[in-house]
Amino acid sequence: MHNKSVAELSRDLESGKVSSVELAQQFLDRIKQQDDQFNSFISVTEDQALADAKAADEQRAAGNATPWTGIPFAHKDIFCTSGVRTTCGSRMLENFVPPYNATVTENFRKAGAVCLGKTNMDEFAMGSSNESSHFGPVTNPWGLSNGEKRVPGGSSGGSAAAVAARLVPAATATDTGGSIRQPAALCGITGLKPTYGRVSRYGMIAFASSLDQGGTMARTAEDNALMLNVMAGFDPKDSTSVDRAVPDYTATLNEPLKGLRIGLPKEYFSDQLSPAMEEQVRAAVKEYEKLGATVKEVSLPNAKLAIAAYYVIAPAEASANLSRFDGVRYGYRCEDPKDLMDLYTRTRAEGFGTEVKRRILVGTYALSAGYFDAYYLKAQKVRRLIQQDFINAFKEVDVLMSPTTPSPAFAQGEKTSDPVTMYLEDIFTIAVNLAGVPAMSVPAGFVDGLPVGLQIIANYFDEARLLNAAHQFQQVTDWHQREPQ
Amino acid sequence: MQWDIVIGLEIHVQLATQTKIFSGSSTAYGAEPNTQANAVDLAMPGTLPVPNEQAFRYAIMFGLAVNAEIERRSVFERKNYFYPDLPKGYQTTQLERPIVGPGHVDIDLANGQTKRVRIHHAHLEEDAGKSLHEDFHGMTGVDLNRAGTPLIEVVTEPDMSNAEEAVAFAKKLHSLVTSLGICDGDMSQGSMRFDVNISLKPKGSDTLGTRTETKNLNSFRFMEQAIAHEVERQMDILEDGGVIVQETRLYNGDRDESRSMRTKEEANDYRYFPCPDLLPVEIDDAFIEHARSRLPELPDARKARFKEQYSLNDYDAGLLSGDAKLSAFFEEAVSHGKDAKLTANWIQGEFSARLNAEEKTVAESPITGAQLGDLIVRIADNTVSSSGAKKVFETLWNGESDNVDAIIDAQGLKQVSDTGELEKMVDEVLAGMPDQVAQYQGEDDPKKRKKMLGGFMGPLMKASKGQGNPKLFNEILVKKLGG
């Protein structure tokens, strides 16, 4: 049962082969038995899940089932869940129970899906290894059999590990600079970051507002399509969400790929990429050629500036977004503050972890008088150039393909002492967020027994094409079906 | 040494929208603390701002009323600082592209001249909450009901050169925003708050002096006092050879004192940057034209009309046209009472005096314009004397009756205008005052005679128990006493 996809489980529920309650119980048992080794959940909401599963069975009996009714899944602990603790991986929100649902949470609730818990993540989504979580690091299910403790990637490392370990068939995630695609690649699953504005950010705790985007994680492209069907759409509560019709993303999964024009950005096949990784990615592209696609080299000439621009813009926005965590209204408050300044400084010094503080400081510096033009404004100019690079590329091709990461999952602790090395993990994913275009990571092979991700990037609002390309690839490969031992 | 005073104003105007600028909470004043603050106002994690269209419409109406350009692509910035009544840790405001660009307002001065004050810009922003320092035993309470109330901050050029001009501008602005219906104008509740920038320079000099900013003045009187106070303070320093420190000051109106709040060096680095949660707001012609179509008659136009339509003099027309509610009250009264000049006198006299004494606004007046108009009719047709009219007014005000004629009847205030009856009283009174009659008749100076005539009126009014028509008494007296 635990190897089945959402689509398969949905059919089993529909045929009466299994009930929602049985399904929820089986996955809850699996989490209980196995998650000690992964630490992929911050909270498991067993009672609520079983009650929701019971309601889902009743909903189905009443003839009101959707494809999601009774499907167990998990939310990244960045999505606010009414009445259920939402920590964002931080001590600051260790005991924060929101009185409202994120729009994404609400959409899954309305569809009848059964949330089993909240997954671990880098604190405030800041990290690429899930080692900055206040609730401890997450261990990648891959490599464990060799006794290796590898990172699952981040910041959505909990969601990725839980899906890879078959603790849930699907999980929500968010991506600000690669936080869906990089962990999906490192854990051997399929993840999608939609176009900026496609999924509401309401109730999704902000890291960098102009880059954050909620998205999907599952093992198959089809399940990602089912998730996006629930998540996508305009939300009057989010002024940056886009009022544009949402297609049925499952409807075009089986379109043939004949004539699909693939571009390979030469900047993403550089010497940062290990030969073994490149070999896997090029082999995947070959599969696409067999399916009728054409391939050409393209250029994203400003791609090399992406990391520098990102590490100005994202911390700048974060420095303001995280100001609300001041110990006054909710969240962590230091003991016995002696005055207002003491309340602020100790609350924030004690409540935030090292990486979060580092980014707040970087962002505050970049916005300060005398530095604003040189950093923030310059980074925004670079951002526009990068957007233009993608617009130009998509005049020539339908999708871009590249490796998702420069290397497979690395060992825990390997990069924690060197932030810049850690930041380079996102070298192939970050430009996508700056441009706002949609992108996926699809399992495409193994190097040293560790999964390799193929990144596919499409034009604005062309998620259907991404999912179609990924699904067709998964009809002729089985990388996404491999199970960690 | 002679000094030029240079004054510029920044005025926070609370917009009278039903809901907040970025959330659906009510903006009504006076609710229990924190009952009008939702998750967005509390800056709960993950919540997002959604702009209130009405706030934009109001800001644009203001821009049109001050002859300003409207910015077609309006951008919001975050102004970052920590304070307990600022829930997000930043204020959402406008810096680079404020919705209202340069404009101007003309003010009338006491010497009869008109002066133009230029508006630098006006921008939309959210108000902060309130920190309550009393009643919490050394701790501070925070009330977030006000947090997120829409404001426009109007910034003038330093075009005013004394307190009179600054107050005239402030009153004109008050009159404009209340006439537009975009602000309730209630200064005691903080609906309009003034910051005054003041500097001094040697008379005739082209170089501006160092300025100070006195913040949060919430009455015209305090503003006038604060300017006088600050001008004197700066003058004392400069004449002693000192230098003015650029700083923000707080003025205590009750003690006529001011103190430094922070100097330029202590000022925050607000680290403004465009708010990524709000896309630039594109304003098209149709939206602007719709706002224009909703512009009511503005004070300047109304004043001109009052002069033309009611033959009021400049002073009366100016006073009655400034406040939209007062203007409406006046016009309702005139439509019943006909005599515009008499109506204007009563509104500026008895009516205003009672409002001031009871600290009421026109809207809170217990008597209606129509009632005052009915009373004016009875004064004009001599049914009641002016002293009788005051009694009627009093009765209306106290709510004991709402019908002017019924009050006149019930209180016996109808004037005696029967000339036969009045002549009889005059004869009796003159018979009892032979010396004064002789004195009068022996006087040649018409002015003195007129004055002496007044000496008979008191006894006559007494004899008629106050009900004799004074005008008729006068005529009869003149006739009886022989010119």
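Residues numbered from 1 in each chain as written. Chains lettered and ligands numbered in written order. Predicted model: local features only at pLDDT ≥ 70, side-chain atom pairs only at ≥ 80, totals over all residues.

Trainee: Go over the overall build of chain B with me, naming the residues and quoting the values.
Mentor: Within chain B, the regular secondary structure consists of 15 helices and 15 strands. Against the compact-globule benchmark of 23 Å for 483 residues, chain B has a radius of gyration of 29 Å, which places it well outside the compact range. Dimensions of chain B along its principal axes, counting C-alpha atoms only, are 90 × 55 × 55 Å. Out of the 483 residues in chain B, the part that is buried amounts to 39%. At a minimum sequence separation of 6, the contacts of chain B that also span at least 24 residues come to 70%. (Helix = DSSP H or I, 4+ residues; strand = E, 2+ residues; numbered from the N terminus. Rg over C-alpha atoms; globule rule 2.2 N^0.38 Å. Buried ≥ 20, exposed ≤ 12 C-beta atoms within 10 Å, placed from the backbone. Contact = placed C-beta atoms within 7 Å.)

Trainee: Describe the overall build of chain A, and please don't skip the residues or the numbers.
Mentor: The number of helices and strands found in chain A is 15 helices and 11 strands. For chain A, the C-alpha radius of gyration of 21 Å lies close to 23 Å, the compact-globule estimate for 485 residues. In chain A, which comprises 485 residues, the proportion classed as buried is 60%. Considering only intrachain contacts with a sequence separation of at least 6, the fraction spanning at least 24 residues in chain A is 77%.

Trainee: Give a detailed account of the sheet that holds strand β1 (residues 3-14) of chain B, specifying residues and quantitative values.
Mentor: Residue and element names in this part refer to chain B. Taken in spatial order, the 8 strands line up as β5-β6-β9-β1-β10-β11-β12-β13 in an open sheet, and their pairing is mixed. Of all the strands in the sheet, the pair left with one neighbour each is β5 (103-108) and β13 (257-263). When strand polarity is set aside, the average angle formed by the axes of neighbouring strands in this sheet is 30°. Across 7 bridges, the pairing between strand β6 (residues 114-126) and strand β9 (residues 150-156) is antiparallel. Its bridge partner being in β9, H121 is matched across the sheet by V155. Docked against the sheet, helix α3 (residues 220-239) engages β1, β10 (192-202), β11 (212-217), β12 (247-252) and β13, running at close to 25° with respect to β10. (Pairing = 2+ DSSP bridges. Axes fitted to C-alpha atoms, helices over the stretch in contact; angles between N-to-C directions.)

Trainee: Describe the interface of chain B and chain A, naming the residues involved and giving the relevant values.
Mentor: With 26 residues of chain B at the interface, the matching set in chain A holds 36 residues. Classifying every residue of the side of chain B that touches chain A by side-chain character gives 18 nonpolar, 3 polar and 5 charged. (Nonpolar A, V, L, I, M, F, W, Y, C, P; charged D, E, K, R; others polar.)

Trainee: So what about the sheet that holds strand β14 (residues 273-274) of chain B? Which residues, and what values?
Mentor: Residue and element names in this part refer to chain B. The strand order β4-β3-β14 describes an open sheet built from 3 strands, whose pairing is antiparallel. Lying at the two open borders of the sheet, with one neighbouring strand each, are β4 (90-93) and β14. In this sheet, β14 lies alongside strand β3 (residues 77-80) in antiparallel orientation, the contact comprising 2 bridges. Bridge pairing in β14 links E77 to P274.

Trainee: Requested: an account of the nonpolar core, with residues and values cited.
Mentor: Residues V399 and I456 of chain A together with A59 and F62 of chain B are the most contacted members of the largest nonpolar core, which totals 205 residues. If sequence neighbours within four positions are ignored, A59 of chain B has contacts with I99, V100, A122, L124 and I152 of chain B. (Core = buried A, V, L, I, M, F, W, Y, C linked by C-beta atoms within 7 Å.)

Trainee: Quick one: what's the story with the pairing of strand β3 (residues 114-119) of chain A, residue by residue and with numbers?
Mentor: Residue and element names in this part refer to chain A. For β3, the tally of buried residues reaches 6 of 6 residues, placing the bulk of the element in the interior. The pairing of strand β1 (residues 41-44) with β3 spans 3 bridges and is classified as antiparallel. Of the residues in β3, the one forming a bridge with F41 is T119. Two elements, strand β2 (residues 72-76) and β3, share 4 bridges in a ladder whose sense is parallel. Bridge pairing in β3 links F73 to C115.

Trainee: Tell me about unusual backbone geometry, and please be specific about residues and values.
Mentor: All names here are of chain A. With an omega of 10°, the peptide bond between G154 and S155 qualifies as cis. Residue position: S155 is located in the loop between β3 and α5 (157-164). Positive phi, normally seen in glycine, also occurs at F124, with a value near 50°. As for its placement among the helices and strands, F124 is situated in the loop between β3 and α5.

Trainee: How would you sum up the domain arrangement of chain B? Please name residues and give values.
Mentor: Assigned domains of chain B: these are domain 1 (3-291), domain 2 (297-410) and domain 3 (419-481). Between the C-alpha centres of domain 2 of chain B and domain 3 of chain B there is a distance of 32 Å. (Domains from an automatic or database assignment.)

Trainee: How would you sum up the environment of I456 of chain A? Please name residues and give values.
Mentor: Residues and elements named next belong to chain A. Relative to the assigned elements, I456 resides in strand β11 (residues 450-458). Overall, the presence of 28 C-beta atoms within 10 Å leaves I456 in the buried class. Considered as a pair, I456 and L192 are 264 residues apart in the sequence and their alpha carbons are 9.4 Å apart.

Trainee: Give me the lowdown on the pairing of strand β6 (residues 213-218) of chain A, citing residues and values where you can.
Mentor: A large share of β6 of chain A lies buried, amounting to 6 of its 6 residues. Side chains of β6 of chain A alternate between two faces, with Q213, G215 and M217 of chain A and G214, T216 and A218 of chain A buried alike.

Trainee: With reference to specific residues and values, describe the packing of helix α1 (residues 53-65) of chain B against helix α2 (residues 163-180) of chain B.
Mentor: All names here are of chain B. Following both chains from N to C, one finds α1 and α2 inclined at 130°, their axes separated by 10 Å at the closest point. Relative to α2, the element α1 lies oblique. Crossing of α1 over α2 shows right-handed handedness. Listed contacts from α2 to M61, F62 and A65 of α1 are L176, V177 and L180. (Parallel < 35°, antiparallel > 145°, perpendicular 65-115°, else oblique. Left-handed = near helix turned anticlockwise from the far one by under 90°.)

Trainee: Go over the environment of L424 of chain A with me, naming the residues and quoting the values.
Mentor: Residue and element names in this part refer to chain A. By the element assignment, L424 lies in the loop between α13 (419-423) and α14 (430-435). Under the C-beta neighbour-count criterion, L424 is labelled partly exposed, with 18 such atoms within 10 Å. C-alpha of L424 to C-alpha of Q37: the two residues are 387 residues apart in sequence and 27 Å apart in space.

Trainee: Help me get a handle on the packing of helix α7 (residues 221-231) of chain A against helix α15 (residues 463-476) of chain A, residues and values and all.
Mentor: Residues and elements named next belong to chain A. Relative to each other, α7 and α15 sit at 155°, their axes nearing to 8 Å. The orientation of α7 with respect to α15, classified from their angle, is roughly antiparallel. Contact residues: α7 offers A221, E222, N224, A225 and L228, while α15 offers E463, L467, A470, H471 and Q474. When grouped by side-chain class, the residues that make up the contact of α7 with α15 number 5 nonpolar, 3 polar and 2 charged.

Trainee: Could you give me a rundown of helix α12 (residues 419-431) of chain B, with the residues and numbers involved?
Mentor: Residues and elements named next belong to chain B. Between its terminal C-alpha atoms α12 stretches 18 Å, which fits the 18 Å expected from 13 residues at 1.5 Å a residue. Taken as a whole, α12 has its buried residues at L422, V426 and V429. Each buried residue of α12 lies within a common arc of 70° when the element is viewed along its axis, so the set occupies one face. Along α12, exposed side chains directed more than 90 degrees from the buried face belong to G420, D427 and A431. (Expected span 1.5 Å × (residues − 1). Arc of directions from axis to C-beta.)

Trainee: Now, about α5 of chain A: what can you tell me, with residues and values included?
Mentor: All names here are of chain A. Counting buried residues along α5, 8 of its 8 residues qualify, which places the element largely inside the surrounding structure. Among the residues of α5, G157, G158, S159, A160, A161, A162, V163 and A164 are the ones counted as buried. Two residues or fewer past α5, R166 is found with a positive phi of approximately 65°.

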